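Analysis of the macromolecular model
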Amino acid sequence: MNYLAIDTSGDNLTIIARKGDKTEIVFEPDCGVRHSVSLMPKTEETLEKIGAKLSDFDFFACVVGAGSFTGIRIGISTVKGLCFAANKPCLPVTSFDTIAYNRQGKVMALIDALHGAYYVCGYENGKIVFPPEFIGKDELLSLKEEYTFLSGKKIDGVETEVVSIVDGFIKAIENKKNEITFDAEKLVPLYIRKSQAEEGR
């Protein structure tokens, strides 16, 4: 399974390129404001390292959210362009998938939405049992007895197990390969709440 996978949904930039027995991973933390500048040069460097061109990949994967509104749009528009240019299918993956697929059992994937609010999604052995929601701290803590809390980075004031979003991204791709599609319209942003601009209207 050869693929190119991109995640620009948060503060980090993740690029995973797999061709045959070669895998090249780029993970750049705290570069959210540079996604639009860094993504394509880093992608080209990654392909060069494994000697791959776009036509070598079976599909392109993209994290569609939840996360940064701008980052999500950058990733989706880039992957849609790659799919069109190479005539390849796509695979949408959520930010929650990249967290939750690190563990079996009943887990709650958490993303800090700041100001005491969180994006959450609950899974049981890879299946969603608590749909994505935007919740406050009291509601979050009420779920603590039922779920193991997982996050991609430390969240102030909430005890979570910090897991690798890179490893989770790879596992999510492997587990969701039956969702690969030529319908690029499946690459739609997962917005759990409106952007600040929309809320201000």
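Residues numbered from 1 in each chain as written. Predicted model: local features only at pLDDT ≥ 70, side-chain atom pairs only at ≥ 80, totals over all residues. Heavy atoms only, no water.

Observations concerning the pattern of salt bridges
To keep things clear, this is the line we draw: Salt bridge, as used here: a side-chain nitrogen of Lys or Arg that lies within 4 Å of a carboxyl oxygen of Asp or Glu. Helix and strand definitions here come from DSSP, where helices need a minimum of 4 consecutive H or I residues and strands a minimum of 2 consecutive E residues; each element is numbered from the N-terminal end. Classification of residues uses two cut-offs on accessible area relative to the type maximum, computed with a 1.4 Å probe and protein chains only: under 20% is buried, over 50% is exposed, and between them is partly exposed.
In total, this model carries 13 salt bridges according to the counting rule given. Here D97 ties to K176 by a salt bridge, and the two come within 3.2 Å at their closest N and O atoms. Residue D97 is found in helix α3 (residues 95-100), and its partner K176 is found in the loop between α5 (165-175) and α6 (196-199); the two are separated by 79 residues along the sequence. One exposure class covers both D97 and K176, and it is buried. Taking the shortest distance from any N to any O, the salt bridge between R103 and E161 comes out at 2.3 Å. Residue R103 is found in the loop between α3 and β6 (106-114), and its partner E161 is found in strand β10 (residues 161-162); the two are separated by 58 residues along the sequence.

Brief notes about the confidence of the model for the protein chain
Residues shown with low pLDDT carry predicted positions that ought not to be read at fine detail. Basically, it comes down to this: The predictor attaches a confidence to each residue, called pLDDT, with possible values from 0 through 100. Whether two residues are in contact is decided by their heavy atoms: any pair within 4.5 Å suffices.
Mean pLDDT over the protein chain stands at 94; residues scoring 70 or higher make up 96%. Across residues 195-201 the pLDDT falls below 50, and counting only partners more than four positions away or on other chains, this stretch makes three contacts in the model.

Points about helix α1 (residues 35-50)
Heads up, the condition is: A helix is expected to span 1.5 Å for every residue after the first.
For α1, with 16 residues, the first-to-last C-alpha span of 22 Å sits near the 22 Å given by 1.5 Å per residue. Where the residues of α1 are buried, they touch β1 (3-7), β2 (13-19), β3 (22-28) and α2 (69-86). In the stretch just after α1, G51 is the one whose phi turns positive, near 65°.

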